[in-house]
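Observations on the model geometry
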Amino acid sequence: MNAILTGAAIGARCAASAAHVAIEVVAETGSTNADLLARAAALPGPTLRIALQQTAGRGRAGRPWLSEPGATLMFSLAWQFKGPLQRLVGLPLAVGVALAETLAALGAPVKLKWPNDLIKDGSKLAGILVETQVGAGGSVWAVVGLGLNLLMPDKLESAIGRSAAALPWLAQMERNELMAQLLSRLAGALAEFDDTGFAAFSERWNRLHAHQGQAVQILDAGRVLQQGVAAGVDQIGRLLLDTAQGRVEILSGDVSLRAAPEAP
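Quick look at the structure, then. From a predicted model like this one, the values you see are computed outputs, not experimental measurements. (Residues numbered from 1 in each chain as written. Predicted model: local features only at pLDDT ≥ 70, side-chain atom pairs only at ≥ 80, totals over all residues. Heavy atoms only, no water.)

Quick look at the packing of helix H3 (residues 91-105) against helix H5 (residues 175-196) now. For any two helices packed against each other, one specifies the crossing angle of their axes together with the interaxial distance. At a minimum axis separation of 9 Å, H3 and H5 run at an interaxial angle of 145°. Relative to H5, H3 is oriented so that their crossing is right-handed. Taken together, the residues of H5 that come into contact with H3 (itself represented by Leu 91, Ala 94, Val 95, Ala 98, Leu 99, Glu 101, Thr 102 and Ala 105) are Gln 181, Leu 182, Arg 185, Leu 186, Ala 189, Leu 190 and Phe 193. (Axes fitted to C-alpha atoms, helices over the stretch in contact; angles between N-to-C directions. Helix = DSSP H or I, 4+ residues; strand = E, 2+ residues; numbered from the N terminus. Left-handed = near helix turned anticlockwise from the far one by under 90°. Contact = heavy atoms within 4.5 Å.)

Quick look at the structure:
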C-alpha cells in the first residue's frame, strides 16, 4: 500500500459534507458491515470503518467477497436515515451513482449494473452491500459496505473464479486522499438521499447504465424470472424491463441481472 491509512489523514482531506463522520481504520476484521451493524444502536453519528483485510467479507445474498490487502479498498459507512425502511429501496443505486461519479472525476469512467455493481470493461469492479437496522422512533441505520478492486493479482482473480476489473492507476494515488474523496462524495449523496429519496438520482443512474437498451435476463438462484430489454430505472430504483407482454418493474431483492444469450 502506498501510504498508511489513518482516520486523521483521511479526515483532514475530507470535504465539509463528511466533516461529521467518525473514521476508524483497523488492520483486520471479519466484516466491516457486521462490525457496524452490531454497534448501530450505540453509534453517536455517521461512522466509517475501513479494514486493510476482511476475513469474512460479504456480498449480496450472503455470498463471500474475496479480497487481498493492498489490492482492494474495503470499507463500510453507517448512516442514520429518517425512515421509513421502505424509502431506502433505491439506496444501493444512489450509492453506485456517487461512487461512479467520484471515479469518473478521478479519470476512471465506469458503468453501473443494476442493482449494486460497478462495471469496467464488462467485468465487475466493485460491489455494494446495504444492510439496515430499524432504530428508536422509526429511524433507520443503514450500513453501506463497499469493496473496490484497485489491483487484481492473478491469485485473487483465480480465487474469484471469473474475470474481474481493477484500477491499477488509481492504486498509485495516495490512499488517504482517495478514501477522502470517496467518503466526501458518498456522505453528500447519503444526505441528499435522506432528503429526496432516489428520485434525485434516477436520471444520473440511467446515464451510467451498463445494459441500457440491451436484452437481459433477471435470475433468481439461476432460474430465469423475466427477460426483455433493459429500459433504465424509475424514481424509486426499480428496473424497467420491456418484455413481450409489456413493461414490467423489477424490485431488487436477491435477484440478479445477466446479459441475455444471443440467439443462435
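That was the structure; now back to the text.
Glancing now at the sheet that holds strand E2 (residues 47-54). A sheet is described by the order of its strands in space; here seven strands give the open sequence E1-E2-E3-E7-E6-E5-E4, paired in mixed fashion. Every interior strand has two partners, whereas the edge strands, strand E1 (22-29) and strand E4 (111-113), have only one. Strand-to-strand twist in this sheet, taken as the mean axis angle between neighbours without regard to direction, amounts to 20°. Here four bridges tie strand E5 (residues 117-120) to strand E6 (residues 123-134), and the two strands are oriented antiparallel to one another. Note that in E6 the partner of Asp 117 across the bridge is Gly 127. Where helix H2 (residues 32-39) meets the sheet, it contacts E1, E2, strand E3 (72-81), E6 and strand E7 (140-149), and its direction lies at approximately 145° from that of E2. Sitting on the sheet, H3 is in contact with E3, E4, E5, E6 and E7, with an inclination near 135° to E6. (Pairing = 2+ DSSP bridges.)

Pairing in this open sheet of five strands is antiparallel, and the strands run E11-E10-E9-E8-E12 from one edge to the other. Of all the strands in the sheet, the pair left with one neighbour each is strand E11 (246-250) and strand E12 (256-259). The sheet shows a mean angle of 45° between the axes of neighbouring strands, taken without regard to direction. Judged from the five bridges that link them, strand E10 (residues 239-243) and E11 form a sheet pairing that is antiparallel. Across the sheet, the residue bridging to Thr 243 is Gly 246, located in E11.

Between the first and last C-alpha of H5 there are 31 Å, a value that for 22 residues agrees with the 32 Å anticipated at 1.5 Å per step. Where H5 begins, the side chain of Glu 174 points an oxygen toward the backbone nitrogen of Asn 176, at a separation of 3.1 Å. The positive-phi residue at the C-terminal boundary of H5 is Gly 197, with phi of around 70°. (Expected span 1.5 Å × (residues − 1). Polar contact = N/O pair within 3.5 Å; in protein donor to acceptor, adjacent residues only side chain to side chain.)

To continue, consider the packing of aromatic side chains. If you walk through the whole model with that rule in mind, you get three aromatic pairs. Where Phe 198 meets Phe 201, the ring centres are 6.4 Å apart and the plane angle is 15°; that geometry is what we call stacked. A single burial state applies to Phe 198 and to Phe 201, both of which are buried. Of the aromatic side chains, those joined through ring pairs into one cluster are Phe 81, Phe 193, Phe 198 and Phe 201. (Phe/Tyr/Trp six-rings, centres within 6.5 Å; stacked < 30°, edge-to-face > 60°. Buried < 20%, exposed > 50% of the residue type's maximum accessible area, 1.4 Å probe, protein only.)

Bringing H3 into the picture now. Between the first and last C-alpha of H3 there are 21 Å, a value that for 15 residues agrees with the 21 Å anticipated at 1.5 Å per step. Within H3, 13 of the 15 residues are buried, which leaves it mostly tucked inside the rest of the structure. In the stretch just after H3, Gly 107 is the one whose phi turns positive, near 90°.

Its location among the elements puts Leu 167 in the loop between helix H4 (154-160) and H5. Taking the C-alpha atoms as reference, Leu 167 lies 8.9 Å from Leu 148; in sequence the two are 19 residues apart. Residues in contact with Leu 167, not counting those within four places in the same chain, are Leu 103, Ala 108, Lys 120, Leu 125, Leu 148, Asn 149 and Leu 150.

This brings us to the pattern of salt bridges. This model, assessed by the stated rule, comprises 14 salt bridges. Ionic pairing is found between Glu 192 and Arg 204, a salt bridge with its closest N-O pair at 3.7 Å. Of this pair, Glu 192 sits in helix H5 while Arg 204 is found in helix H6 (residues 202-207), placing the two residues 12 residues apart along the sequence. Since its relative accessible area comes to 28%, Glu 192 is described here as partly exposed. Measuring nitrogen to oxygen at the nearest pair gives 2.7 Å for the salt bridge that ties Asp 242 to Arg 247. Overall, Arg 247 belongs to the partly exposed group, its relative accessible area being 47%. Salt bridges sharing common partners tie together Glu 24, Asp 35, Arg 39 and Arg 49. (Salt bridge = Lys/Arg side-chain N within 4 Å of Asp/Glu carboxyl O.)

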